[in-house]
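Each chain is listed here by its residues.
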Amino acid sequence: MSIKDKLIEDMKQAMKDKEAGKLRLSVIRMVRASIKNVEIDKKKELAEEEVLDVLAKEVKMRRDSIEEFKKGNRPDLVETIEQEIDILMQYLPEQLSEQEVRVLVAEAVKVAQAANAKDMGKVMAVLMPKVKGRADGKLVNSVVREFLNQ
């Protein structure tokens, strides 16, 4: 079952769950709208990988807003956004741990024959296809920087 099909099935279930599925329904509708907007912009139906990109982008936007809500002292909104992230994460592949990311970065540094921070682009080009949708970009970036600045 594709992610888009799963979103539709889960949306139907959330509608049936009424109050219990209210937040879930809202998040699924938002994500489906985002996917539809990208499809309209690109004038084609999105492939599974592209749908994953949209989902990852939605998670990233929410993580960024958590920081802002914490600065604004809004714990109620932080909690809601965290719940939304939990719902979205169900549709993404299992996330890599920091240790797994470190192993992949070490391999990518060897493959790209990177010597210093100037070679970061080469390392990221090798690494990103392996971690796309499976690891937070900030984590990957910081681990790569750490490896290259040693």
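An account of the accompanying structure is given in this report. Residue positions are given per chain, counted from 1 along the sequence in the order it is written. Totals for whole chains, interfaces and linings use all residues, but because this is a predicted model, local features are given only for residues with pLDDT of at least 70 and pairs of side-chain atoms are given and counted only at 80 or more. The side-chain figures draw on all heavy atoms in the structure; neither hydrogens nor water molecules are used.

Note on geometry: axes are lines fitted to C-alpha atoms, helical ones only across the stretch in contact, with angles between N-to-C directions running from 0 to 180 degrees. To qualify as a helix, a DSSP run of H or I must reach at least 4 residues; to qualify as a strand, a run of E must reach at least 2; elements of each kind are numbered from the N terminus. Between helix 3 (residues 48-71) and helix 4 (residues 75-89), whose axes approach to 9 Å, the crossing angle comes to 165°. One finds that helix 3 runs roughly antiparallel with respect to helix 4. Judged by the sense of rotation from one axis to the other, the crossing of helix 3 with helix 4 is left-handed. Only Leu-77, Val-78, Ile-81, Glu-82, Glu-84, Ile-85, Leu-88 and Met-89 of helix 4 make contact with helix 3, whose side of the interface consists of Leu-55, Glu-58, Val-59, Arg-62, Arg-63, Ser-65, Ile-66, Phe-69 and Lys-70. Looking at the contact of helix 3 with helix 4 residue by residue, the classes come out as ten nonpolar, one polar and six charged. The scheme is simple: roughly parallel for angles under 35 degrees, roughly antiparallel for over 145, roughly perpendicular for 65 to 115, oblique for anything else. In this scheme the handedness of a crossing depends on how the near helix is turned from the far one: anticlockwise by less than a right angle means left-handed, clockwise means right-handed. We call two residues in contact whenever any of their non-hydrogen atoms come within 4.5 Å of each other. Note that Gly is not counted as nonpolar here; it falls among the polar residues with everything else outside the nonpolar set of Ala, Val, Leu, Ile, Met, Phe, Trp, Tyr, Cys and Pro and the charged set of Asp, Glu, Lys and Arg.

We now examine helix 7 (residues 137-148). Under the 1.5 Å per step criterion, the end-to-end length of helix 7 is 16 Å for twelve residues, consistent within 8% with the ideal 16 Å. When a residue's accessible area, from a 1.4 Å probe over protein chains only, is under 20% of the maximum for its type it is buried; when over 50% it is exposed; and in between it is partly exposed. Among the residues of helix 7, Val-140, Val-143, Val-144 and Leu-148 are the ones counted as buried. Across the axial projection of helix 7, the buried residues extend over an arc of 130°, all falling on one side. Residues of helix 7 that are buried sit in contact with helix 5 (98-112) and helix 6 (120-131). Expected helix span is given by 1.5 Å per residue-to-residue step, counting one fewer step than there are residues. Our arc is simply the arc of the directions from the helix axis toward the C-beta atoms.

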